[in-house]
Each structure stands twice: as C-alpha cells, then as structure tokens.
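Geometric and topological summary
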Amino acid sequence: MGEFEEIMQAPEVTETEAPAGAVLALESVCRDYGQGAAAVRAVDGVTLRVGAGEFVVLTGVSGSGKSTLLALAGYLQRPSSGTVWLQGRDLSAADATELAAHRRRIIGYVFQEYNLVADLTAAENTALPLELEGTRPRVARRRAVQALEEVGVGELADRFPEQTSGGQRQRVAIARALVGDKRLILADEPTGALDSESSAAVMAALVERTRERGISVVVATHDPAWLPHANRVLSLRDGHLSGDGEGR
Ligand SMILES: Nc1ncnc2c1ncn2[C@@H]1O[C@H](COP(=O)(O)OP(=O)(O)OP(=O)(O)O)[C@@H](O)[C@H]1O
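Residues numbered from 1 in each chain as written. Predicted model: local features only at pLDDT ≥ 70, side-chain atom pairs only at ≥ 80, totals over all residues. Heavy atoms only, no water.

All residues in the neighbourhood of the ligand are listed as Tyr33, Val40, Ala42, Val61, Ser62, Gly63, Ser64, Gly65, Lys66, Ser67, Thr68 and His222. One nitrogen or oxygen atom from the main chain of Gly65 is found 3.0 Å from an oxygen atom belonging to the ligand. For the ligand, an oxygen atom lies 2.8 Å from a polar atom in the backbone of Ser67. Out of a free accessible area of 630 Å², the ligand has 60% covered by protein chains. Listed by contribution, the elements that provide at least two residues to the shell around the ligand are strand E2 (40-51) and helix H1 (66-73). Top element by residues in the shell around the ligand is H1. It accounts for three residues. Partitioned by chemical class, the residues of the shell around the ligand number four nonpolar, seven polar and one charged. (Near = heavy atom within 4 Å. Polar contact = N/O pair within 3.5 Å; in protein donor to acceptor, adjacent residues only side chain to side chain. Areas by Shrake-Rupley, 256 points an atom, 1.4 Å probe, with all protein chains shown as cover. Helix = DSSP H or I, 4+ residues; strand = E, 2+ residues; numbered from the N terminus. Nonpolar A, V, L, I, M, F, W, Y, C, P; charged D, E, K, R; others polar.)

Below, the structure written as structure tokens:
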C-alpha cells in the first residue's frame, strides 16, 4: 500500500458521539506530518459525513491533502486529532487485528497504481480478501470470478497482472475492492494512469456496481469525467474542505 502503510499508534479515548446513519463520518480531523519547522498540516479540521449509497467526488490540486484524507477515512492512517467513525464505530482503540478485520469487511480500496499481487492471477487477487476472512478457496474463487465478470474482465481470471493492460488491471482491482459485502469504496485517482477509453470502462464498472448495491464511494481525483457521477463534490485546499461536508 506504499505511502498508506503506517503502524497504528497508541489508542486515544474520544468522547464525541457517533453520527447516526453515516457509513463514514469524520469530525474535526487533522493530520500533521513531520515536526517543528518541517511540520505540514496535510488535513486541517475536516468534518464529513457520507451516507449509504452516496457517491462523493473529492477534488483539489496536488498536495491539497486528498490522499491523506482518504487514508484517514479508511483507517490506514491515524488522525493527529479528531475522530473517524466507520458505520458508527470509532475504531481508534481497536487492536491491529480487530482493525484489519473490520476494515477488510467494510471497505474496498482502489489505488492509482492498482496494487495487485504480481504472483497471483486476477482470480487469486480478487479472492484474497475472502480467503483472509476464512472463506473456503473453492467458494472464494467462484465469487471472485463472478466479481470479475461483473466488471467485464471475467475472461482474464487466470491471467497474471503483467499479462493485462492498465485498464484491465484496474477493473481487477475494482472486483477485489467490491468482493464480499463492502459498504464503502475509497478510490484514490483510480483513473489517473489510464487513457480515456480505459477510464470510461473503469468508471462505468465502479459506478454501476456500487449504485446497484447501495455502496458508498469516495473518489479522490483530478479527472473531471467523474463529476457527473457525483451526488456531492467536495474540494480540498491546503487541507481544508469546501463544499457540503455534512451531506444528507
Ligand atoms: N508521508 C508524508 N510525509 C510528509 N509530508 C507528507 C507525507 N504525505 C503527504 N505529505 C504532505 O501532505 C500534503 C498533502 O499530501 P497528499 O498526498 O495528501 O495530497 P494530494 O492532494 O493527495 O496530492 P496528489 O494529488 O499529488 O496525490 C502535501 O503537502 C504533502 O507534501
């Protein structure tokens, strides 16, 4: 997970109430990198609610804090202050195993650079989250192939990532993000490395599959082609959110 990988630090007790009904909620979240003169506040007091089935597009220039905000939303990074709730739960006190299991059940991640395991086929990559949950390999494979078919790359099930194009890899990554009963997809520049035709296929796969299942989505992107799909567009500037962070 590259820049997202971070050891969770000591838990912190919070006293704020969980917002009712939100799949994802952030309250006054800040994230600092570095210390002293080198300190950077990448996310600065963000309050955000994402309801079931909402499709949120997060825009902002390079360095505005989009990746950091997504990493905080997905508990891949810990806030310097503030609270993040996933389905009403503040997981800041959860141990690493519980946190990983909860994250795996609820959230699918999609990254610009696909993050597929090179030594695994498309079906094996897609089955991985299910197998980590204890699903039997044969069942996991069947569901993985079905997920691949749903995003239009079923015929690639037995190919390795290097035998597929960028757009195909990203659709495999989307199948992997969706497999199981996910409630939230966090996607960081999912079409950033793709030509417009591949982008359109990736976008359609993500939009259609999440809409029909009522899955919430937050896409961080520079690509304006995502905007027509958004229920809400949020903009980050120097770590501050503008737009309607409260939503519905
Ligand atoms: N690991 C880190 N250490 C120190 N500073 C960081 C780190 N990660 C991000 N930053 C800084 O935090 C700020 C926000 O970065 P972030 O990557 O979240 O922005 P972004 O909007 O996603 O940018 P891009 O669109 O280029 O990916 C930037 O000033 C960046 O330099």
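Our focus in this paragraph is the nonpolar core. Counting 37 residues, the largest nonpolar core has Leu148, Ile185 and Trp226 as its most contacted members. Broken down by secondary-structure element, the contributors of at least two residues to this core are strand E3 (55-59), helix H3 (122-132), helix H4 (137-150), helix H5 (166-178), strand E7 (184-188), helix H6 (196-213) and strand E8 (216-220). For this core, the element with the most residues is H5, which contributes six residues. The contacts of Ile185, once residues within four sequence positions are left out, are Gly108, Val110, Ala177, Leu178, Leu206, Thr210, Ile215, Ser216, Val217 and Val218. With 32 residues, the next largest nonpolar core counts Val46, Leu70, Leu186 and Leu236 among its residues. (Core = buried A, V, L, I, M, F, W, Y, C linked by side-chain atoms within 4.5 Å. Buried < 20%, exposed > 50% of the residue type's maximum accessible area, 1.4 Å probe, protein only. Contact = heavy atoms within 4.5 Å.)

Time to look at the sheet that holds strand E9 (residues 232-237). Reading across the sheet, the six strands line up as E6-E7-E8-E3-E9-E10 and stay open at both edges, with mixed pairing between neighbours. Looking at which strands have only one partner, the edges of the open sheet turn out to be strand E6 (107-111) and strand E10 (240-242). Recorded for the sheet is a direction-independent mean angle of 20° between the axes of neighbouring strands. Lying over the sheet, helix H2 (residues 96-106) contacts E6 and E7, oriented at roughly 80° with respect to E6. Its contacts with the sheet place H5 against E6 and E7, and it is angled at close to 165° to E6. (Pairing = 2+ DSSP bridges. Axes fitted to C-alpha atoms, helices over the stretch in contact; angles between N-to-C directions.)

This part is about unusual backbone geometry. Even without glycine at this site, Gln87 takes up a positive phi of about 45°. Residue position: Gln87 is located in the loop between strand E4 (81-86) and strand E5 (89-90). Of the residues examined, Gln87 reaches a relative accessible area of 42% and is grouped as partly exposed. Positive phi, close to 50°, is recorded for Glu189, a residue that is not glycine. Of note, Glu189 is situated in the loop between E7 and H6.

Next up on the list: the sheet that holds strand E1 (residues 22-33). Spatial strand order, E2-E1-E4-E5: four strands in an open sheet with antiparallel pairing. The open sheet is flanked by E2 and E5, the only strands paired with a single partner. Across the face of the sheet, H1 comes into contact with E1, E2 and E4 while running at roughly 125° to E1.

Attention shifts here to the pattern of salt bridges. Evaluated as defined, the whole model comprises ten salt bridges. Close ionic contact of Glu212 with Arg209 constitutes a salt bridge, the shortest N to O distance being 2.7 Å. Of this pair, Glu212 and Arg209 both sit in helix H6, three residues apart, which is roughly one turn of the helix. Ionic contacts of the salt-bridge type, sharing partners, join the residues Asp32, Arg41 and Asp44 into one network. (Salt bridge = Lys/Arg side-chain N within 4 Å of Asp/Glu carboxyl O.)

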